[in-house]
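Structural description and commentary
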Amino acid sequence: MPAQPKEENMESEPGSQPTPIQPEAAPETLAAAGTPEIPSGAQSQGSASPGPEDLEKWLWIDPLAADDRIKAGAVLLDDVIQEYVHKYNLLFDKDGFEEGKPKGGSYTMTPAPDSAWRFMPNQIPGEPDIKIPLEIGRDNLGDFYWVPRNSLVYIKLRQKLRLPFYIIGRHDLKIRYVYKGLLLGTGPQVDPGFVGHLFIPLHNFTTSNVKVHIKQSFVSIDFVRTTRFIDPSAAPF
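Residues numbered from 1 in each chain as written. Predicted model: local features only at pLDDT ≥ 70, side-chain atom pairs only at ≥ 80, totals over all residues. Heavy atoms only, no water.

One non-glycine residue with positive phi stands out, namely Asn 89, at about 55°. Its location among the elements puts Asn 89 in the loop between helix H2 (78-88) and strand S1 (91-92). With a relative accessible area of 11%, Asn 89 lands in the buried category. Unusually for a residue other than glycine, Leu 91 sits at a positive phi of about 75°. With respect to the element layout, Leu 91 can be found in strand S1. (Helix = DSSP H or I, 4+ residues; strand = E, 2+ residues; numbered from the N terminus. Buried < 20%, exposed > 50% of the residue type's maximum accessible area, 1.4 Å probe, protein only.)

With that settled, consider a positive patch on the surface. The grouping of Lys 101, Lys 103, Arg 176 and Lys 180 at the surface amounts to a positive patch. Looking at where Arg 176 falls in the secondary structure, it is placed in helix H3 (residues 175-179). (Patch = residues over 30% accessible without salt bridge, like charges linked within 9 Å, V, L, I, M, F, W, Y side chains within 5 Å. Areas by Shrake-Rupley, 256 points an atom, 1.4 Å probe, with all protein chains shown as cover. Salt bridge = Lys/Arg side-chain N within 4 Å of Asp/Glu carboxyl O. Lys, Arg positive; Asp, Glu negative; His and termini not counted. Charge placed at Lys NZ, Arg CZ, Asp CG, Glu CD.)

The subject of this paragraph is the pairing of strand S16 (residues 219-225). Most of S16 is tucked away: 6 of the 7 residues are buried. Note: strand S3 (residues 107-109) against S16, 3 bridges, orientation antiparallel. Paired with Thr 108 across the bridge in S16 is Ser 220. Direction of pairing for strand S10 (residues 167-173) relative to S16: antiparallel, over a ladder of 7 bridges. (Pairing = 2+ DSSP bridges.)

Looking now at the sheet that holds strand S13 (residues 195-196). One open sheet accounts for 3 strands, arranged S1-S9-S13; its pairing is antiparallel. Of all strands in the sheet, those bounded by a partner on one side alone are S1 and S13. Pairing analysis gives 2 bridges linking strand S9 (residues 161-162) to S13, with the strands arranged antiparallel. By the bridge assignment, Leu 161 is partnered in S13 with Gly 196.

This next bit is on the pattern of salt bridges. Under the defined criterion, the tally for this structure stands at 8 salt bridges. Its salt-bridge partner being Asp 222, residue Arg 170 comes within 3.0 Å of it at the nearest N-O pair. Of this pair, Arg 170 sits in strand S10 while Asp 222 is found in strand S16, placing the two residues 52 residues apart along the sequence. Arg 170 gets classed as partly exposed once you look at its relative accessible area, which sits at 37%. Taking the relative accessible area as the measure of exposure, Asp 222 reaches 18% and is therefore buried.

Here the focus is the packing of aromatic side chains. Applying the stated rule across the entire model yields 11 aromatic pairs. Judged by centre distance (5.6 Å) and plane angle (45°), the ring pair of Phe 92 and Phe 97 falls under tilted. Assigned by exposure class, Phe 92 and Phe 97 land together as buried. A ring pair is formed by Trp 117 and Tyr 154, whose centres lie 5.9 Å apart and whose planes are at 25°; its orientation type is stacked. Highlighted residues: Trp 117 in strand S4 (residues 111-120) and Tyr 154 in strand S8 (residues 151-157), separated in sequence by 37 residues. (Phe/Tyr/Trp six-rings, centres within 6.5 Å; stacked < 30°, edge-to-face > 60°.)

Take a look at the structure:
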């Protein structure tokens, strides 16, 4: 049976870095540099809808490896991002993909509507800090989270990532929030193989509360192809 990727549960450690999923059987052989030969069935452009085994296979073997647009170190442009998502359910879970905004060489992600919080000190010695949901308000732009002044908060992203083992993600806060005094409190890289939602630690260093609108772009992410990952014959199917 194929190894099934599982979504990381990061709510218990909201400041932690996402870690890639671990396959049941790790590949033993790394191939020399070059473009891997795509096994029969892995490339299905123009064919029937992919089955579960194909979706698992494409986490390991790039279905677009023979495409001239795909090179190691290259940032994926919008047309390639759309193809990975809609044909192969890679990069993002396609069920939530349209809720973000594709750009020329990136994709903007939005906050989840029901998962944002901060921690307050517990008055009882020895007890853990208290998790408090962020206050939600509404204005002419829609619902928003209040990020309190001089605070550290955590906001879950709505879109679910589904990164194959040969592509990394790099994310950062949208510049308009930087100008308002907010700072992303985590490193920008998302490792290959990560499947799940990102949780964003967000610092507000100002003396004013800041609005983060739930249905507007919040974090931008781009994707970069790695060097050749695996000999197709070593993939754990």
